[in-house]
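Chain residues, written in single-letter form:
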Amino acid sequence: MIVVVGLSHKTAPIEVRERVALDADGAAQLLRALLEQPAIGEALAVSTCNRMELVLAPRAGAGDLGEVEQQAKALLNARAPGVAAHLYQHAGSDALRHLFRVAASLDSLVLGEPQILGQVKQAFELAKNCGTVGAVLNRAVTQAIRVSKKVRSETAIGTGQVSVPSVALDLAEQIFGALRGKEAVLIGSGEMGETVARLIHQAGGQLVVVGRNAERVAELAQSLSGTARNLDELDQTLLTADVVIAATSAPGFVVTHQAVQQAMKKRRGRSLFFVDLAVPRDVDPGIAEIDNAYLYNVDDFSQIAAQGTLLRQREAQAADALIEREVGRFERTTSAEQVTPTVVALRRSFRAALEAELERSQRGKLKNLSAADLEALNTLFDAAVNKLLHTPTQKLRQLASEDPPAPELENYVELLSEMFALGDENSGVSLRGSIPPAPSSAPQQAKPSQPSQGQPSQGQPSQALPEIERQRGSR
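Residues numbered from 1 in each chain as written. Predicted model: local features only at pLDDT ≥ 70, side-chain atom pairs only at ≥ 80, totals over all residues. Heavy atoms only, no water.

Before going further, it helps to spend a moment on the sheet that holds strand S1 (residues 3–8). With antiparallel pairing, four strands are arranged side by side in an open sheet as S2-S3-S1-S4. Taken across any chain shown, the strands that pair with only one partner, and hence form the sheet edges, are strand S2 (40–47) and strand S4 (88–91). Adjacent strand axes in the sheet meet at a mean angle of 15°, parallel and antiparallel pairs treated alike. Here S1 runs beside S4; their pairing, made up of four bridges, is antiparallel. Bridge assignment links Val 3 to a residue of S4, and that residue is Ala 91. (Pairing = 2+ DSSP bridges. Helix = DSSP H or I, 4+ residues; strand = E, 2+ residues; numbered from the N terminus. Axes fitted to C-alpha atoms, helices over the stretch in contact; angles between N-to-C directions.)

A few words on the packing of helix H5 (residues 115–129) against helix H6 (residues 135–154). Running from amino to carboxyl end, H5 crosses H6 at an angle of 160°, the nearest separation of the two axes being 11 Å. Compared by their axis directions, H5 and H6 come out roughly antiparallel. H6 is crossed by H5, and the crossing has left-handed handedness. For the pair formed by H5 and H6, the contact residues are Leu 117, Val 120, Lys 121, Phe 124 and Lys 128 on the first element and Leu 137, Asn 138, Val 141, Thr 142, Ile 145, Ser 148 and Lys 149 on the second. For the contact of H5 with H6, the residue count by class is six nonpolar, three polar and three charged. (Parallel < 35°, antiparallel > 145°, perpendicular 65-115°, else oblique. Left-handed = near helix turned anticlockwise from the far one by under 90°. Contact = heavy atoms within 4.5 Å. Nonpolar A, V, L, I, M, F, W, Y, C, P; charged D, E, K, R; others polar.)

Attention now goes to the pattern of salt bridges. Taken as a whole, this structure holds 17 salt bridges when the rule is applied. With its nearest N and O atoms 2.9 Å apart, the salt bridge here joins Arg 51 to Asp 107. Here Arg 51 is found in strand S3 (residues 51–58), whereas its partner Asp 107 is found in the loop between helix H4 (93–103) and H5, with 56 residues between them in sequence. Classification of Arg 51 by relative accessible area gives buried; the value is 3%. A relative accessible area of 6% means that Asp 107 is categorised as buried. Across the pair Glu 355 and Arg 351 runs a salt bridge whose closest N-O atoms are separated by 3.0 Å. Note that Glu 355 and Arg 351 are positioned in helix H14 (residues 340–362) at a spacing of four residues, about one turn of the helix. With relative accessibility at 14%, the residue Arg 351 sits in the buried group. Shared partners join several salt bridges into a network, and the residues in it are Lys 10, Arg 51, Glu 53, Arg 101, Asp 107 and Asp 320. (Salt bridge = Lys/Arg side-chain N within 4 Å of Asp/Glu carboxyl O. Buried < 20%, exposed > 50% of the residue type's maximum accessible area, 1.4 Å probe, protein only.)

Attention shifts here to the nonpolar core. Ile 2, Leu 34, Leu 54 and Leu 56 are the most contacted members of the largest nonpolar core, which has 65 residues in total. With eight residues, H6 is the largest single contributor of residues to this core. Among the nonpolar cores identified, the runner-up in size contains 28 residues, and Phe 176, Leu 224, Ile 245 and Ala 247 belong to it. (Core = buried A, V, L, I, M, F, W, Y, C linked by side-chain atoms within 4.5 Å.)

Turning next to unusual backbone geometry. Both trends apply: most residues other than glycine have a negative phi, and most peptide bonds are in trans. In this chain, Val 279 is followed by Pro 280 through a cis amide linkage whose omega measures 5°. Mapped onto the fold, Pro 280 is located in the loop between strand S9 (272–276) and strand S10 (293–297). Even without a glycine there, the phi angle at Arg 268 is positive, about 60°. Along the chain, Arg 268 turns up in the loop between helix H11 (257–267) and S9. Judged by its relative accessible area of 79%, Arg 268 is exposed. You will see that Asn 292, though not glycine, has its phi angle at about 70°, which is positive. Tracing the backbone through its elements, the reader meets Asn 292 in the loop between S9 and S10.

This is the structure we're talking about:
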């Protein structure tokens, strides 16, 4: 099972969210730090303007969900003191349900917005590239992406969508009237900022793109039929601009109070509209106090956009019902498959005991057994093991198939592993691990000292161990 620890627009204002916002390098660094925690075995980080969430899985055999939660929260609070008061956590089924809802944009401030799925995919790819995704997260996140697409195809959650970029355009038109001929400045090349700039361009605005990367700025300006300028020219650009869209990944303010105050003295009362879509913020919030300067950040736009979600509430209910069914289906399928390692280990253990006794007998009274007799004994062993384990196998699978899976299932698996000393055979294939290939059902000659093909011999690492575990062991 998985754990989610994080904060969002529901629990933290923008001044808190910007303290934990992550770029790609920061996310990679945090993922590595998470895997240094004793209980955490897998991790990915989703960081957007409205949320920063960690999706985690326990280290096989070393931690439970509660320990994962505590270690993740402690690490986040150490990196941003005081943030713990804004954190939430979900575990097990609740975490899976939350992950599905986030990917399907049911937890977004703008209900049904499409950007979050792309952001989840980017976070997933980054975590895979960092080597912090194993079997558990790979399966859970892949299914979350599938469920999100299913929600969009089977409901009308995105119909009549109101988005942050569209609200920004509406506000700009309220302030200036028609935007034709108005000068709009885009600082940076963030996806949402570029979307706002394109909408203004389509409304007839004249675009100026400002940034440090001359090649990227020139490319974007050309695509918008605009003008490219270096960031050093920003103060001069503020003198003629009507709308300024800021969407950089800079850690501090790109547009300062002093720069705007000086520009407004020379603008002779002309209004200047700022759209700050960055987290951390690009525009000094004190600018809102300057006469004729209008400043809206991502929270302001999201709250306005959220007012248009009432028409999609019915579709959201349908989407939640779909997600509930998918969570149940995922858990039943996963639990049914995850009892397989224990069943395989039990069969292997029983069969090994019978073969050991046969080998000892072959050195004494049964030393003259023919090949046909040995084959008959192997068939007998198969039948005996099947009969002995039929009832416990059926019981385990019955518990796994319940909706939701029975809570005592994992206790039964652990008890069987302990009672029959399955630790070695079943290592790395617990309820949270991956599943080894089933042994062949074909009769075999009694060779207890030779492991069957595709199965790990006792004392050797299982090939079924998740990739992340093997990587960790090599570090």
